[in-house]
Amino acid sequence: TSEHDPSDTRKKVLEDVINEAVSDGGTLMIPSFALERTQDLLYHLNELFGEGKIPRVPVFLDSPLAIRLTNVYHKYTHYFNKEAQSYIKNGDNIFDFPGLQITITSELSKAIADVPSPKIIIAGSGMSHGGRIVHHEKRYLPDPKSMLLFIGYQAHGSLGRRLLDGAKTARMYGDEVVINAKRRKITSYSAHADRTKLLQWVGSMKGSVKKVFLTHGEQSKSEALAVEITEQLGLETHVPTRGETISL
């Protein structure tokens, strides 16, 4: 488990990435998980456009699941924080802005290719395992003017991880694609707790926890976190291996 970028920096990093991509004149692709990550992203895009910090370019939300989940968010605005509720009271639709296009059907998704760049495409899946984002990646990754922005964790073995690690080519829907596009990442959009927050969470239960099992994450980082939990909190830890059976 790694440390995320401070959350107050992600909006500025997003601003810089978008301005760079628009200046290059290409397509900015953002593989995004449908729940929470996409809504955070729309919220910050709405702010950046409203503040005039990024140029008005077409933005496509090309994920049927993310579209449906964002509609759910609209129904429960009373759970939002004070800042978001203040925007809403002033008439701001925090997940919508001029230039945002919702492409729920496959026909609308395909029509994105007809819109001249620069443009921004937000689509799933978040690790490029499949889904509409892979169609866009196949089309635009060969273009050196385009950019791929990662805002979520990319697991080992996923197409997203290979792209993040600098792969020069990748197989997409039966074709070998040469990758010339730029690659950027913002870690603070992760919906999961980082090392510091996990240590704080486990520490709050120190009196009632006998043993901590670390079952999620890359092996090396899980083992490093296990050592920290033992050293800082004095708790016994174990990182299970694949196929291991544990009796409690």
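The structure this text deals with has already been given above.
Residues numbered from 1 in each chain as written. Predicted model: local features only at pLDDT ≥ 70, side-chain atom pairs only at ≥ 80, totals over all residues. Heavy atoms only, no water.

Colleague: Would you explain the overall build of the protein chain in this entry?
Modeller: Across its full length, the protein chain carries nine helices and ten strands. When its C-alpha atoms are laid out on the principal axes, the protein chain stretches across 60 × 50 × 30 Å. Evaluated residue by residue, the protein chain yields a buried proportion of 41% over its 248 residues. Partitioning the intrachain contacts of the protein chain with sequence separation of at least 6 by distance along the chain shows that 74% fall at a separation of at least 24. Of the roughly 13,300 Å² of accessible surface on the protein chain, 53% is carried by carbon and sulfur atoms. Averaging the positions of the 31 positive and the 29 negative side-chain charges in the protein chain gives two centres separated by 3 Å. (Helix = DSSP H or I, 4+ residues; strand = E, 2+ residues; numbered from the N terminus. Buried < 20%, exposed > 50% of the residue type's maximum accessible area, 1.4 Å probe, protein only. Contact = heavy atoms within 4.5 Å. Areas by Shrake-Rupley, 256 points an atom, 1.4 Å probe, with all protein chains shown as cover. Lys, Arg positive; Asp, Glu negative; His and termini not counted. Charge placed at Lys NZ, Arg CZ, Asp CG, Glu CD.)

Colleague: Which parts of the structure should I look at to understand the pattern of salt bridges?
Modeller: Pairs can form between side chains of opposite charge once their charged atoms are near each other. Within the structure shown, the criterion is met by 14 salt bridges. With a closest N to O distance of 2.9 Å, Lys11 and Glu51 form a salt bridge. Linking Lys11 in helix H1 (residues 7-24) with Glu51 in the loop between helix H2 (37-50) and strand E2 (59-61), this pair joins segments that are 40 residues apart in sequence. Look at Glu51 and you get partly exposed, because its relative accessible area is 39%. Lys53 is the partner of Glu51 in a salt bridge, and the nearest nitrogen-oxygen pair spans 3.5 Å. (Salt bridge = Lys/Arg side-chain N within 4 Å of Asp/Glu carboxyl O.)

Colleague: Help me understand the pairing of strand E5 (residues 147-150), please; the structure alone is not making it clear to me.
Modeller: Working note: regular strand, side chains alternate between the two faces of the sheet. The side-chain alternation of E5 yields two buried faces, one formed by Met147 and Leu149 and the other by Leu148 and Phe150. Pairing geometry for strand E1 (residues 27-31) and E5, over two bridges, is parallel. Bridge pairing links Met29 to Leu148 in E5. Here E5 pairs with strand E8 (residues 182-185) via four bridges, running parallel. (Pairing = 2+ DSSP bridges.)

Colleague: For this particular structure, what's the right way to read the packing of aromatic side chains?
Modeller: How two aromatic rings sit relative to each other is set out by the distance from centre to centre and by the angle between their planes. Inspection of the entire model under this criterion finds six aromatic pairs. Ring geometry for Tyr73 and Phe80: centres 6.4 Å apart, planes at 45 degrees, overall tilted. We classify Tyr73 as partly exposed; its relative accessible area is 23%. (Phe/Tyr/Trp six-rings, centres within 6.5 Å; stacked < 30°, edge-to-face > 60°.)

Colleague: Even after reading the chapter, I still don't get unusual backbone geometry, so can you show me in this structure?
Modeller: Trans peptide bonds make up the majority, and among non-glycine residues the majority have a negative phi. Omega for the peptide link from Ser117 to Pro118 comes to 5 degrees, which places this bond in the cis form. Note the cis peptide between Gly124 and Ser125, where omega equals 10 degrees. Tracing the backbone through its elements, the reader meets Ser125 in the loop between strand E4 (119-123) and helix H6 (132-140).

Colleague: Sorry if this is basic, but what is going on with the packing of H2 against helix H3 (residues 64-75) here?
Modeller: Helix-helix packing is characterised by the crossing angle of the two axes and by the distance between the axes. Contact geometry of H2 with H3 gives a least axis separation of 10 Å together with a crossing angle of 70 degrees. What the angle tells us is that H2 and H3 run roughly perpendicular. Within the contact between the two elements, H2 uses Thr38, Gln39 and Leu42 and H3 uses Ala66, Leu69, Thr70 and Tyr73. A per-class count over the contact of H2 with H3 returns four nonpolar, three polar and no charged. (Axes fitted to C-alpha atoms, helices over the stretch in contact; angles between N-to-C directions. Parallel < 35°, antiparallel > 145°, perpendicular 65-115°, else oblique. Nonpolar A, V, L, I, M, F, W, Y, C, P; charged D, E, K, R; others polar.)

Colleague: Explain the nonpolar core here, please?
Modeller: Side chains of a nonpolar character, in soluble globular proteins, are inclined to be buried together. Counting 33 residues, the largest nonpolar core has Leu14, Leu28, Leu45 and Ile122 as its most contacted members. Those elements that provide at least two residues to this core are H1, E1, H2, E2, H3, E4 and E5. Per element, the largest residue contribution to this core is six residues, and it comes from H2. Ignoring any residue separated from it by four or fewer positions in sequence, one finds Leu45 in contact with Leu14, Ile18, Ile54, Val59, Phe97 and Ile122. (Core = buried A, V, L, I, M, F, W, Y, C linked by side-chain atoms within 4.5 Å.)

Colleague: Mind showing me how you'd approach a nonpolar patch on the surface here?
Modeller: Taken together, Val72, Tyr76 and Tyr79 make up a surface patch of nonpolar side chains, about 350 Å² in accessible area. Checked against the element boundaries, Tyr79 lands in the loop between H3 and helix H4 (82-89). The class for Tyr79 is exposed, based on a relative accessible area of 64%. (Patch = residues over 30% accessible without salt bridge, like charges linked within 9 Å, V, L, I, M, F, W, Y side chains within 5 Å.)

Colleague: I would appreciate a short explanation of the environment of Met172 in the present structure.
Modeller: Residue placement: Met172 occurs in strand E6 (residues 169-172). Taking relative accessible area as the criterion, Met172 reaches 1% and is therefore assigned buried. As a C-alpha pair, Met172 and Asn93 span 79 residues in sequence and 36 Å in three-dimensional space. Apart from residues no more than four positions distant in its own chain, Met172 is found in contact with Val134, Glu137, Lys138, Leu141, Leu159, Leu163 and Val177.

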